[in-house]
Amino acid sequence: MAPAVCGTLLGLALYASSLCAVSGAAFLYHDYCVIGAGPAGLQAAYFLQQAGRDYLVFERSHAPGSFFALYPRHRKLISINKQYTGKSNSEFNLRHDWNSLLSHDRRLLFRRYSRDFFPNADTMVRYLEDFASLLKLRVQYNTAIIHVTLEKNEQAWNGHFFLLTDQDRKNYKCSSLLVAAGMWVPNVVNFPGAEYVEGYETVSINPEDFAGQTVLILGRGNSAFETAENILGVTNFIHMVSRSRVRLSWATHYVGDLRAINNGLLDTYQLKSLDGLLEGDLEDLAIIKDKKGKLHITLQFYLENRNISMGVDSITLPQDELDNFATRAPYDRVIRCLGWKFDFSIYNRSLRMMPGKGNIKKYPQIKPSYESRGTRGLFVLGTASHSVDFRKSAGGFIHGFRYTTRAVHRLLENRHHGVPWPSTVYPITQLTNSIIKRVNEASGLYQMFSVLADIILLRENATAFEYLEEYPIGVLAELEMQTGRKARNGLFVIIMEYGRNFSGADKDVFYYNRAVGEAQHAWQSNFLHPVIYYYKHLPTEREMRVRPPDWPLPRPNAIHHIVEDFLTDWTAPNAHILPLRRFLENCLSTDLRNFFAESCFLFAFTHQKLPPSCQQGYVRMQGLVGSQELRHHAVQAGLLQDYTHTDFSGDRPPDSHDGSQEQLMRDHGIPVRPLQHLVNAKDEL
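Procedures and definitions
Residues numbered from 1 in each chain as written. Predicted model: local features only at pLDDT ≥ 70, side-chain atom pairs only at ≥ 80, totals over all residues. Heavy atoms only, no water. UniProt positions renumbered as here; feature names shortened; annotations may be inferred. Core = buried A, V, L, I, M, F, W, Y, C linked by side-chain atoms within 4.5 Å. Buried < 20%, exposed > 50% of the residue type's maximum accessible area, 1.4 Å probe, protein only. Contact = heavy atoms within 4.5 Å. Helix = DSSP H or I, 4+ residues; strand = E, 2+ residues; numbered from the N terminus. Pairing = 2+ DSSP bridges. 1 Å grid on protein atoms, 1.4 Å probe; cavity = no way out; pocket = protein on both sides within 12 Å on 5 of 7 lines; lining within 4 Å. Points joined across faces, edges and corners; volume = space filled by probe spheres on them. Nonpolar A, V, L, I, M, F, W, Y, C, P; charged D, E, K, R; others polar. Salt bridge = Lys/Arg side-chain N within 4 Å of Asp/Glu carboxyl O. Phe/Tyr/Trp six-rings, centres within 6.5 Å; stacked < 30°, edge-to-face > 60°. Lys NZ or Arg CZ within 6 Å of the ring centre and 35° of its normal. Axes fitted to C-alpha atoms, helices over the stretch in contact; angles between N-to-C directions. Left-handed = near helix turned anticlockwise from the far one by under 90°. Polar contact = N/O pair within 3.5 Å; in protein donor to acceptor, adjacent residues only side chain to side chain.

Per an unreviewed UniProt entry, the recorded name for the chain is FAD-dependent oxidoreductase domain-containing protein 2, and the organism is Lonchura striata. Under the UniProt heading Function (unreviewed entry), the note attached to the chain is "Probable flavoprotein which may function in endoplasmic reticulum associated degradation (ERAD). May bind non-native proteins in the endoplasmic reticulum and target them to the ubiquitination machinery for subsequent degradation." The heading Sequence similarities (unreviewed entry) in the UniProt record of the chain holds the text "Belongs to the FOXRED2 family."

Pasting the structure below:
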């Protein structure tokens, strides 16, 4: 078949698998190709399968989650697995379950696999295997994609196809490429003597192999401290050196920084038990090995033009000039624990997959929509997408990227299949309740704070609103194009934020009076709390670009902070709900209270415009439906006589019938109280 004919057929059959010969090579076609069957790849596969899309996942190993089969080396995960929260709401409980992927199958909650607060990595491997098999996800194992390039084609979704080649030289073609291969290439620093350094990925995990030894660890992240924690009790001492200072997660509020579970060496350092931390640029170091096999640390400029193979006796060491040089004692072992970076090697230059800059150079460059900056239709998912919120939110971890992966899927559904972003329309009277419900339950907002937001699109005259969940705020200006929804009458954006000056490696987060409890000072809240932005018009691309550097969004027309809460339970009537409702009312110039019919009757005679609850209820003759709870409240308030103690002869009252309680509600009206007492704070429900 000629290449041109093949391309035409593919363009006309984008939703079906097909086999074409292009330049002598056979290509198996799928709409979506997913590279990697780790947590992000499986999560993407789940959403694609639920939507009935044509996709295939390529996994280089024989089973999913191959990274977790090896790492962390000491097998304890630092993602929490909280068994009990005191709540039965499944969405709320996901806030404290950092391991489960999103699915409809209740069997696939991670707490059913382990009761450990910090689970074993082997359990994660078993969980991912079950996730793939129970949901019957289409994963092709033992398939390592070794090359990806582009084929221009005007009939393709994005103006080109992605061509993939595996280790057996089999070829695949797809319209959209989802890269979920993770970060698995070790970060290595090259300096003289680097050949004497052992890598985290291969070093022994048996503490007895380090008994009585002196160890230097390069790095200062969780893998470095995990390694130190494992051998802390058997070594002579451990020194740790890195360019940056220690960042403690409870100070930075970033889950990727040093976690308390691994920081035993900080105790032994600060309590002067021989272990210690140093700051220095690793690229300036050099290691010299003496005749006894001991490793000496020096600086490269001391070497000048000397060859380190000449031996330690012929080379000037720092302690020769500064006799109290910190690392003057020789080491038995030097271990590299510098984390991981993205594998750029398999992507052809035509894809323009470029590394980021500065402290995100280990990640590929992507937009806030998680689409590659260089190639349309190529999306990066999972850990490798963390450049969007590096050192800020949880996008590099399962409990964060399970939500960003869902967001990407919704963007693709709208772009390629005409399925708008899911939304629900409510009457305006439900505005306060809808916000309160989400900020108290939603896990995506909570974990991906300042990255994902709920969007409320107002209908004309603010009589109703449309609620969209967990949209990436970095592409707020593109909301109409990305979601298929219209924002013509203003919008509210709901996100979660920490206080502006409460997070950082140098912050004292335990200072006295750190918490804010008064609603009038809510804008000074330090801990994670909901923030509502109001815009009369959708922000533009330019407004997004020139926003203040410490603001996640452009300056709004109005902003409201719901005061932080010790229990993260924003349901207090006076501290949380009333200030929010009044803020919304000020933005909309309307009354969002709910009123009984008598109050609406008074409004009809005294106001030109009725509150929305009266327009949608009283005027349309839709009153409160009788119920046992309502009847109980009416009796307690003295508005209704209590008939439950009325004496009737026999077991049932005369002429009784099924539903007689409802009949009582109809037969015995609630007496009308003086109207002047109705329109006040007691009417607010």
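Chemist: Explain the nonpolar core to me, please; I cannot follow it from the model alone.
Modeler: One recurring pattern in soluble globular proteins: nonpolar side chains tend to sit buried together. With 93 residues, the main nonpolar core has Leu164 and Leu177 as its most contacted residues. If sequence neighbours within four positions are ignored, Leu164 has contacts with Cys33, Ile35, Phe58, Ile145, His147, Val148, Lys170, Asn171, Tyr172, Cys174 and Leu177.

Chemist: Can you walk me through the pairing of strand S15 (residues 333-336) in this structure?
Modeler: Side-chain direction in a regular strand flips from residue to residue, so the side chains alternate between the two faces of the sheet. Of the two faces of S15, the one holding Arg333 and Ile335 and the one holding Val334 and Arg336 are both buried throughout. Summarising the sheet, strand S9 (residues 198-199) and S15 pair through two bridges and their orientation is parallel. In the strand pairing of S15, Gly199 is matched with Arg336. Sheet topology note: the strand S10 (residues 214-218)/S15 ladder contains four bridges and is parallel. Considered in S15, the bridge of Ile217 is made with Ile335.

Chemist: Please clarify how empty space enclosed by the protein should be interpreted in this entry.
Modeler: Where empty space is left can be seen by rolling a probe of water-molecule size over the atoms. One pass over the full model with this rule turns up two cavities of 30 Å³ or more. Estimates place the volume of the largest cavity at around 50 Å³. Around the largest cavity sit Pro186, Asn187, Tyr200, Glu201, Ser223, Arg336, Leu338, Gly339 and Trp340, which together line it. Split into classes, the residues belonging to the lining of the largest cavity amount to four nonpolar, three polar and two charged.

Chemist: Please clarify how the pattern of salt bridges should be interpreted in this entry.
Modeler: Note that side chains of opposite charge can pair when their charged atoms are close. Summed over all chains, the structure comprises 21 salt bridges. Residues Glu279 and Arg220 are paired through a salt bridge, measuring 2.5 Å at the closest nitrogen-oxygen approach. Residue Glu279 is located in strand S12 (residues 276-279), and its partner Arg220 is located in the loop between S10 and helix H6 (222-231); the two are separated by 59 residues in the primary sequence. What makes Glu279 exposed here is its relative accessible area of 52%. When its relative accessible area of 9% is taken as the criterion, Arg220 is described as buried. Of the charged contacts in the structure, one is a salt bridge between Glu466 and Arg459, with a shortest N-O distance of 3.9 Å. Judged by its relative accessible area of 36%, Arg459 is partly exposed. Residues participating in the shared-partner salt-bridge network are Arg406, Arg438, Asp454, Glu469 and Glu470.

Chemist: Teacher, can you tell me more about helix H16 (residues 573-588) here?
Modeler: An α-helical turn contains 3.6 residues, so a residue and the one three or four places further along point in the same direction. Considered for burial, the residues of H16 that qualify are His576, Leu578, Leu580, Arg581, Phe583, Leu584, Glu585, Cys587 and Leu588. On its buried side, H16 packs onto helix H12 (431-441), strand S19 (452-458), strand S21 (491-497), strand S22 (529-535) and strand S23 (558-561). Backbone geometry just downstream of H16 places Ser589 in the positive-phi region, at approximately 55°.

Chemist: Help me out: how do you make sense of the packing of aromatic side chains in this one?
Modeler: For any pair of aromatic rings, the description consists of the separation of the ring centres together with the inter-plane angle of the planes. Enumeration over the complete set of coordinates arrives at 30 aromatic pairs. Pairing Tyr113 with Tyr127 gives two aromatic rings, centres 5.2 Å apart and planes at 85°, and the pair type is edge-to-face. Residue Tyr113 is located in the loop between helix H4 (90-93) and helix H5 (121-134), and its partner Tyr127 is located in helix H5; the two are separated by 14 residues in the primary sequence. Chaining the aromatic ring pairs together yields one cluster made of Tyr46, Phe47, Phe110, Tyr113, Tyr127 and Phe131. Here the guanidinium or amino end of Arg555 rests over the ring plane of Trp551, the centre of that ring lying 5.0 Å away.

Chemist: What's the story with the packing of helix H2 (residues 39-50) against helix H11 (residues 398-417) in this structure? I'm lost.
Modeler: The axes of two packed helices give the description: the angle between them and the distance between them. Where H2 meets H11, the closest approach of the two axes is 9 Å, and the angle between their N-to-C directions is 35°. Between H2 and H11 the crossing geometry is right-handed. Between H2, through Pro39, Ala40, Gln43, Ala44, Phe47 and Leu48, and H11, the contact on the second element is made entirely by Ile398, Phe401, Arg402, Thr405, Arg406 and His409. Within the contact of H2 with H11, the residues separate by chemical class into seven nonpolar, three polar and two charged.

Chemist: Mind showing me how you'd approach the side chain of His417 here?
Modeler: With respect to the secondary-structure elements, His417 resides in helix H11. Of note is the side chain of His417, whose polar atom sits 2.8 Å from the side chain of Tyr32.

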